[in-house]
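What follows is the residue order along each chain.
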Amino acid sequence: DLSKIEDSKPYLDSPSKTWINVCGLHDIEKLKEIWQYFELHPLIQEDILNTNQRSKIEEYPDHMFFVLRMMSFSEDTGVLNVEQVSIVLSSNSVLSFQEDDFPIYEPVLHRLRSGAPRLRNHGPDYLAYALIDTIVDHYFKVLEKLGDEIEDLENEILQESDEDIPQKIHALRRKLIFFRRSVWPMRDSLNSLLREESPLIDEENKVFFRDVYDHLVQIIDGVENYRDMALGMLDMHMSQVSNKMNEVMKVLTIIATIFIPLTFIAGIYGMNFEYMPELSVPWAYPAVWGIMIVAAVVMLFYFRKKKWL
Amino acid sequence: DLSKIEDSKPYLDSPSKTWINVCGLHDIEKLKEIWQYFELHPLIQEDILNTNQRSKIEEYPDHMFFVLRMMSFSEDTGVLNVEQVSIVLSSNSVLSFQEDDFPIYEPVLHRLRSGAPRLRNHGPDYLAYALIDTIVDHYFKVLEKLGDEIEDLENEILQESDEDIPQKIHALRRKLIFFRRSVWPMRDSLNSLLREESPLIDEENKVFFRDVYDHLVQIIDGVENYRDMALGMLDMHMSQVSNKMNEVMKVLTIIATIFIPLTFIAGIYGMNFEYMPELSVPWAYPAVWGIMIVAAVVMLFYFRKKKWL
Amino acid sequence: DLSKIEDSKPYLDSPSKTWINVCGLHDIEKLKEIWQYFELHPLIQEDILNTNQRSKIEEYPDHMFFVLRMMSFSEDTGVLNVEQVSIVLSSNSVLSFQEDDFPIYEPVLHRLRSGAPRLRNHGPDYLAYALIDTIVDHYFKVLEKLGDEIEDLENEILQESDEDIPQKIHALRRKLIFFRRSVWPMRDSLNSLLREESPLIDEENKVFFRDVYDHLVQIIDGVENYRDMALGMLDMHMSQVSNKMNEVMKVLTIIATIFIPLTFIAGIYGMNFEYMPELSVPWAYPAVWGIMIVAAVVMLFYFRKKKWL
Amino acid sequence: DLSKIEDSKPYLDSPSKTWINVCGLHDIEKLKEIWQYFELHPLIQEDILNTNQRSKIEEYPDHMFFVLRMMSFSEDTGVLNVEQVSIVLSSNSVLSFQEDDFPIYEPVLHRLRSGAPRLRNHGPDYLAYALIDTIVDHYFKVLEKLGDEIEDLENEILQESDEDIPQKIHALRRKLIFFRRSVWPMRDSLNSLLREESPLIDEENKVFFRDVYDHLVQIIDGVENYRDMALGMLDMHMSQVSNKMNEVMKVLTIIATIFIPLTFIAGIYGMNFEYMPELSVPWAYPAVWGIMIVAAVVMLFYFRKKKWL
Amino acid sequence: DLSKIEDSKPYLDSPSKTWINVCGLHDIEKLKEIWQYFELHPLIQEDILNTNQRSKIEEYPDHMFFVLRMMSFSEDTGVLNVEQVSIVLSSNSVLSFQEDDFPIYEPVLHRLRSGAPRLRNHGPDYLAYALIDTIVDHYFKVLEKLGDEIEDLENEILQESDEDIPQKIHALRRKLIFFRRSVWPMRDSLNSLLREESPLIDEENKVFFRDVYDHLVQIIDGVENYRDMALGMLDMHMSQVSNKMNEVMKVLTIIATIFIPLTFIAGIYGMNFEYMPELSVPWAYPAVWGIMIVAAVVMLFYFRKKKWL
């Protein structure tokens, strides 16, 4: 009673529950055939095709319609991919639509093939739960990856390798904003699903949806956490930049403050006036050296007192 | 049963639904005539004329009154235009008022002319929905434009072309504040419309208003998103400015720190004391050069250790 | 049936509605007389005299008690004046109390004198509405003034005239905080007034109070807007200061970096060693000039590459 | 029927209301005696002794239990003192407990002694109100002191006396956080007290508790206000520091930029080459002076154009 | 009727309440045995093993399931340890699961051994309360430690020892985020527990859970407080860094501004022109000294006027 291609319509006549997963939304003709067979509301049809929706759960007279956002990190590029997934739950079937053929539901298929009793014995609402739960599990993987990125960035900041730290933090914040924006609305709609009664969702199975809800809350918590940390990292980086500039300034100031006055003294006795009595004094030259050394030492003490050294 | 000029009053006597769109609010006489014909509440009349209102939906005994803010980007100047649009829904007619004759409702007119069955068969509430939906569709275009502006600004920042970045970010933030301020109240009023019962809006058609509500939530989400990103861009710009200043400081410090002591040494032997034994030593001049080169090299090593080079 | 001095008590015996406006709260004796005549609750009496209250609306068995904060800009000094106004609505009269004799209600008086039908035909609740509406209209004027100040400040910032910009922004923010603080509580209390039933306010007239509520929401919106903009202006100013400092630093660095090494070279040949072979070479002087010019040009190219020029 | 020492127990047998104020919580034996007499719930007993509680109002079967935080500024040190005050209201008595013997309730005692009719004629709930109101009045005094401190700090900032401004702002913010934290929970619990029915609080006296609630809201408003202002002051101080640094940089840059090139020119003609044709030209010296003056004037014009002068 | 090892199952057959504490979650076999004996829901079983849950309270038909996060500071390293603790309350037993054998419940065991009457006479809900209360007491200790860390950091900042202050503040903020994240969800779930009716929790014992709730609110308050303070400390540190940089700049500017012009004058008279009339004037040398001293004094006065000295 399960198949991944859409030519499995005969099963529909059987009274048992059916799951049809449609990969790719380009073949409008086939989609329309399915929609007509299942008598989907026009707004559902529009929402399935319009692949830039917020996550939501909507009740229609005969269907419950879930729009979800599947998220995954592409291993190579580290880019956050997103794909709209629609699930239509009716009293005896589950329709799922996705943009491409990424094997989202692999774990569910695996459990079905291995004959998981819970999946087989419960109604289509449990199947819908299993699909949604799989998607939410993908969120956890994304969250973990984001956590790794934060850890990496924090280490980079601590090692003070300032290669584009602000850009990296900015990119991370964008990802977090994007991720949160995808997950947040799902929490709200699941929450109202839990509070309302629906003939399509068995009261006994609600505990499973509550579990999904808990996972979502945990994920959102984590994202908020990460956003706070990203902000903290920016503060830390900015204050490192300030500290470095401070240090640079101190070196400049110490060198300049010591040598500029000494150079002035040397300049004095470099003047060519005819009547400069000091010039002919035999001990004048060592005396000038003495004055210079004393001045430098006094400066150094002053800097030490100021804790610049 | 539709016309764009206001001399189409005969249709009103027919029992079918009527849509009258009034462009321009200067001809008070004609407006008053229409108002009296439709028996609009004095506060509605005031609100139509006072074109600086917040978006709102108000129920009056015989009418439902929508104030909306039409927004569009003027192609040439990139300025965000706003115009107040009022829609009065009664049991058998829809009145719409706009400030100038921008063809806001073109898509609805088009569908009506091409005989869209849904528009023709549903009641005036569906027509009102279609009008509002058209306005909300314009919001999406504005949002897209704002997204393009953000993308452009981000690229400018990454290329470190610091031509008035803060002013540009400020201008963008003002636009976002303004846009959000125009859209936000509409969400609230639509939300309460959805929760309350009204004889003027068919329970079956509420699903369409819910759709508009979803769109609005999506738009507000996007705006919040963009505001966060604008703030992030400012942080990024500020930290770029700090970094540049840091780099400038380093160059100054390196040059000054190397040459100021060397110049001091040269100054010493430029003094004109009669008794300076070093001056007559034959190898003194190359020795001074040696000391200077060693000092410079030590400095350079120090800077390399400090990672300033 | 209206008078501005308090010796107009005979009217009170007539069944028609009465409006008494008391200017100045110093003559406690007269106030007490009025309070006793109208049997005001002791807490109302306290609140009228204690002129530093938050705006609020309180229901007492026979009265509805409004505390409002009248705000106005003094034309000369640009200072934001505030004055507490109390309005007591009973079933057949409206009492209003104000601290001084600023002609707040001029527009209402004008309409009454010119025989406005709505004001004369509706009950005292409509009169109370008219008074409150007049005060809220004053808020709009204040808001407009604040908007002008923001516009001025923004222009000053754009023209980079840094005369005490932070202080001015700070003063503006204080005004906005103060204004919002005065208006905000009124919104809340009006909101609960609208939701509750009261024998003193006719259900039909509630639509007018809803209108006042809408105005308040619009004003608070505007204030929030302005606060956001004030914050944005501070960011803009701070980043201008950073930019200027950056520019100053660049000029210093360019000059110092070019001339300090050249001065060093000049210093070298200013030394008085007896054995400096270069000194007697005829082409040494032009050669040194050549070296100096090459060094300066190299530096300038470097700065151009760094985009400091 | 009032006494400040706890040996006044005979009064308790009389049916009239009784107020016992216990100062100091060290004499556990006596406390236990009182608690047993009044049959206080064990959790009440714990809460009275544990003097680091949040403000709260709790209903127990026979008692209403108030935990409040008395705040006062010590005149000498400017330190904000806090002390936990517990009030137990039963149907015919009020028990109040405080940590030390600060005369908190002096105003109530004074009114009781001078035979205030309201205090004597109303039930124990009115007495409880009077006690709480006294404590809230102390909050106003604290708020006023904090307002004075803010005013002082603002003046210090405007006069640019930078003696530890950040530390002072930080200390002020800590005080505000602490104050708000003490007052905030009381508002919430009073709010729920107002909404719920309790046999211990007469419906007619609720208007007095609503008055206390209004005062608390006003105080919290004020604190929020002050926190915003404290943040604004920090911004102002930081931007003053930036401005000063900018000014220091400008002076350094002007001096260095004018004199470094001139010193270079002087250095050139201080070189000891044998073949320097300029040296023997009679008008060379005044010519060099001329060049130097022209260079300096050009620089000064440049700085004026840049608005650095 | 209490034991800490899990071989104490015979007690379960007795009708009295039983507490079983399981330390360590690795021995799945034994866990499964217990779960089967107590007929725990599969989701409870999953949640016990999955030790990275948010705190929550869930009602199942026959059980109430608490997930808590035990927190403690390891004395040596100052690291914040966290451990998931699960408590399953049924009508006649309490099961508690923890990851390792940290003696969390020592105080409860102590009271049980010493025969505390309340613990022995109340039902298993009171025992569950006692366990939860013990965990919340640990939170207070953690909060205290965090308060100490803040105090230490503040002192470090005031003494201006800038050893990695930003990193330390960042680490502290991470701890606070982490702590709050662990405690926050528990407050929400306790709150809903208090509002709902459950057969497993005696109405009379709810007052104890309300007490725990109060403690949690107090802890969260404290954490928010500390987060505000941590932010304030960062501001203070950043402004100290700015101040220091300002001071460094001033010293550099004063020295450079005084000596660069003087060195220029010395450079002038170090030039070797043949025709420099000043050189042969006898009083020229002292005159130059005079000019230099006057220039330096003027500069110093200027700096004093600018308040740089």
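Remember, it's a predicted structure, so these values are computed and weren't measured experimentally.

Visitor: What exactly am I supposed to notice about the pairing of strand β5 (residues 80–89) of chain C here?
Guide: Residues and elements named next belong to chain C. Counting buried positions over the ten residues of β5 gives eight, a clear majority of the element. Summarising the sheet, strand β4 (residues 64–73) and β5 pair through ten bridges and their orientation is antiparallel. From the neighbouring strand, Ser 72 faces β5, where its bridge partner is Asn 81. Between β4 and the antiparallel strand that follows it, β5, lie six residues; Gly 78 among them carries a positive phi value of about 75 degrees. Relative to strand β6 (residues 93–98), β5 runs antiparallel, the two sharing five bridges. Bridge assignment links Val 85 to a residue of β6, and that residue is Gln 98. What sits between β5 and β6 in their antiparallel hairpin is a turn of three residues.

Visitor: Help me out: how do you make sense of the interface of chain A and chain B in this one?
Guide: Interface size, as often reported, equals the accessible area lost upon joining of the parts. The interface is formed by 54 residues belonging to chain A together with 54 residues belonging to chain B. Both sides together, the interface formed by chain A and chain B hides about 4600 Å², and carbon and sulfur atoms give 63% of it. Among the residues chain A hides against chain B, the three largest losses belong to Arg54(A), Val248(A) and Tyr285(A). Together they make up 15% of the total. Counting across the chain A and chain B interface gives eight salt bridges. Viewed at the interface, chain B and chain A are joined by 13 residue pairs in polar contact (both at pLDDT 80 or more). For the side of chain A that touches chain B, the secondary structure elements donating two or more residues are α2 (42–49), β3 (56–59), α6 (165–195), α7 (206–268) and α8 (284–305) of chain A.

Visitor: How should I be thinking about the relation of the copies chain A and chain B in this particular structure?
Guide: Copy one and copy two of the chain differ by a rotation about an axis and a translation along that axis. Once turned by 72 degrees and shifted 0.0 Å along the axis, chain A lies on chain B with an RMSD of 0.1 Å. Both copies of the chain, as the preceding transformation shows, are related through a five-fold rotation axis. Nearest to the rotation axis, the C-alpha of Gly270(A) is located 4.7 Å from it, this being the minimum over chain A.

Visitor: Just checking my understanding: could you explain the side chain of Asp47(D) for this structure?
Guide: Tracing the backbone shows Asp47(D) in helix α2 (residues 42–49). Asp47(D) has contacts with Gln53(D), Lys56(D), Glu58(D), Phe65(D), Gln84(D) and Asp211(E), leaving out every residue within four places of it along the chain.

Visitor: What is the right way to look at the interface of chain D and chain C in this model?
Guide: The interface is formed by 54 residues belonging to chain D together with 54 residues belonging to chain C. When the area that chain D buries against chain C is broken down by residue, the three leading residues are Phe264(D), Asn272(D) and Phe273(D), summing to 14%. Glu247(C) is the salt-bridge partner of Lys306(D), the closest N and O atoms lying 2.4 Å from each other. Scanning the region where chain D abuts chain C turns up 13 residue pairs in polar contact (both at pLDDT 80 or more). Breaking the side of chain D that touches chain C down by element, the ones donating at least two residues are α5 (124–158), α7 (206–268) and α8 (284–305) of chain D. With 35 residues, α7(D) is the largest single contributor of residues to the side of chain D that touches chain C. Tallied by class, the residues present in the side of chain D that touches chain C amount to 25 nonpolar, 15 polar and 14 charged.

Visitor: Can you help me understand the packing of α6(A) against α7(A) in this one?
Guide: Packed helices, taken two at a time, are described by their axes: the angle between them and the distance between them. Residue and element names in this part refer to chain A. Two elements in contact, α6 and α7, have axes separated by 9 Å at closest approach and are oriented at 155 degrees. It follows from the interaxial angle that α6 and α7 lie roughly antiparallel. For the pair α6 and α7, the crossing hand works out as left-handed. Looking at the contact of α6 with α7 residue by residue, the classes come out as 26 nonpolar, two polar and eight charged.

Visitor: Teacher, can you tell me more about the nonpolar core here?
Guide: Within soluble globular proteins, side chains that are nonpolar generally end up buried alongside one another. Core analysis: the largest hydrophobic core is formed by 145 residues, its most contacted members being Tyr269(A), Tyr269(B), Tyr269(C), Tyr269(D) and Tyr269(E). Ignoring any residue separated from it by four or fewer positions in sequence, one finds Tyr269(D) in contact with Tyr285(C), Met276(D), Glu278(D), Leu279(D), Val288(D), Gly270(E), Met271(E), Asn272(E) and Phe273(E).

Visitor: Is there a simple way to explain the pairing of β4(C) in this structure?
Guide: Remark: a regular strand shows side chains that alternate across the two faces of the sheet. Residues and elements named next belong to chain C. When you tally the buried positions in β4, you get ten out of ten residues, the bulk of the element. Judged by which residues are buried, β4 turns out to be covered on both faces: Met 64, Phe 66, Leu 68, Met 70 and Ser 72 on one side and Phe 65, Val 67, Arg 69, Met 71 and Phe 73 on the other are all buried. Sheet topology note: the strand β3 (residues 56–59)/β4 ladder contains four bridges and is antiparallel. Paired with Ile 57 across the strands is Phe 66, a residue of β4. Where β3 hands over to β4, the hairpin turn is made up of four residues, counted between the paired strands.

Visitor: Teacher, can you tell me more about helix α2 (residues 42–49) of chain C here?
Guide: For an α-helix, the turn length of 3.6 residues means that residues three or four places apart are oriented alike. Residues Leu43(C), Ile44(C), Asp47(C) and Ile48(C) constitute the buried set of α2(C). Viewed end-on, α2(C) has its buried residues packed into an arc of 140 degrees, placing them on one side of the element. Close packing links the buried residues of α2(C) with α1 (28–38), β3, β4, β5 and β6 of chain C together with α7 of chain D.

Visitor: When you look at the arrangement of the chains in this model, what are you seeing that I'm missing?
Guide: Chain C makes no contact with chain A, the minimum C-alpha separation between the two being 9 Å. Spatially, chain A is disjoint from chain D: no contact exists, and the shortest C-alpha separation is 9 Å.

Visitor: What am I meant to see in the packing of aromatic side chains here?
Guide: Any aromatic ring pair is given by two values, namely how distant the centres are and how the planes are angled relative to each other. All chains considered together, the criterion is met by 61 aromatic pairs over all chains. Between Tyr285(B) and Phe273(C), the aromatic rings sit 6.3 Å apart at their centres with planes inclined by 50 degrees, giving tilted as the arrangement. Here Tyr285(B) is found in helix α8 (residues 284–305), whereas its partner Phe273(C) is found in the loop between α7 (206–268) and α8 (284–305) on a different chain. The exposure class of Phe273(C) is buried, given its relative accessible area of 4%. By way of ring pairs, the aromatic residues Phe264(A), Phe273(A), Phe259(E), Tyr269(E), Tyr285(E) and Trp289(E) are connected into one cluster. Between the NZ or CZ atom of Arg210(B) and the centre of the ring of Tyr60(A), over which it lies, the distance is 5.6 Å.

Visitor: What's the story with the packing of α7(A) against α8(A) in this structure? I'm lost.
Guide: Residues and elements named next belong to chain A. Following both chains from N to C, one finds α7 and α8 inclined at 160 degrees, their axes separated by 10 Å at the closest point. In terms of orientation, α7 lies roughly antiparallel with respect to α8. Like other packed secondary-structure pairs, α7 and α8 cross with a definite hand, here right-handed. Facing Thr 253, Ile 254, Thr 257, Ile 258, Pro 261, Leu 262, Ile 265 and Ala 266 of α7, the residues of α8 in contact are Val 288, Ile 291, Met 292, Ala 295, Ala 296, Met 299, Leu 300 and Phe 303. The residue makeup of the contact of α7 with α8, split by class, is 14 nonpolar, two polar and no charged.

Visitor: What should I look at first to understand unusual backbone geometry in this one?
Guide: The phi torsion of most residues other than glycine is negative, and most of the peptide bonds are trans. A positive phi angle is found at Lys307(A), which is not glycine, with a value near 60 degrees. Along the chain, Lys307(A) turns up in the segment after α8.

The rules behind these values
Residues numbered from 1 in each chain as written. Chains lettered and ligands numbered in written order. Predicted model: local features only at pLDDT ≥ 70, side-chain atom pairs only at ≥ 80, totals over all residues. Heavy atoms only, no water. Buried < 20%, exposed > 50% of the residue type's maximum accessible area, 1.4 Å probe, protein only. Helix = DSSP H or I, 4+ residues; strand = E, 2+ residues; numbered from the N terminus. Pairing = 2+ DSSP bridges. Contact = heavy atoms within 4.5 Å. Buried area = accessible area lost by both parts, 1.4 Å probe. Salt bridge = Lys/Arg side-chain N within 4 Å of Asp/Glu carboxyl O. Polar contact = N/O pair within 3.5 Å; in protein donor to acceptor, adjacent residues only side chain to side chain. Least-squares fit on C-alpha atoms with pLDDT ≥ 70 in both. Nonpolar A, V, L, I, M, F, W, Y, C, P; charged D, E, K, R; others polar. Axes fitted to C-alpha atoms, helices over the stretch in contact; angles between N-to-C directions. Parallel < 35°, antiparallel > 145°, perpendicular 65-115°, else oblique. Left-handed = near helix turned anticlockwise from the far one by under 90°. Core = buried A, V, L, I, M, F, W, Y, C linked by side-chain atoms within 4.5 Å. Arc of directions from axis to C-beta. Phe/Tyr/Trp six-rings, centres within 6.5 Å; stacked < 30°, edge-to-face > 60°. Lys NZ or Arg CZ within 6 Å of the ring centre and 35° of its normal.

These figures come from the coordinates and say nothing about function on their own.
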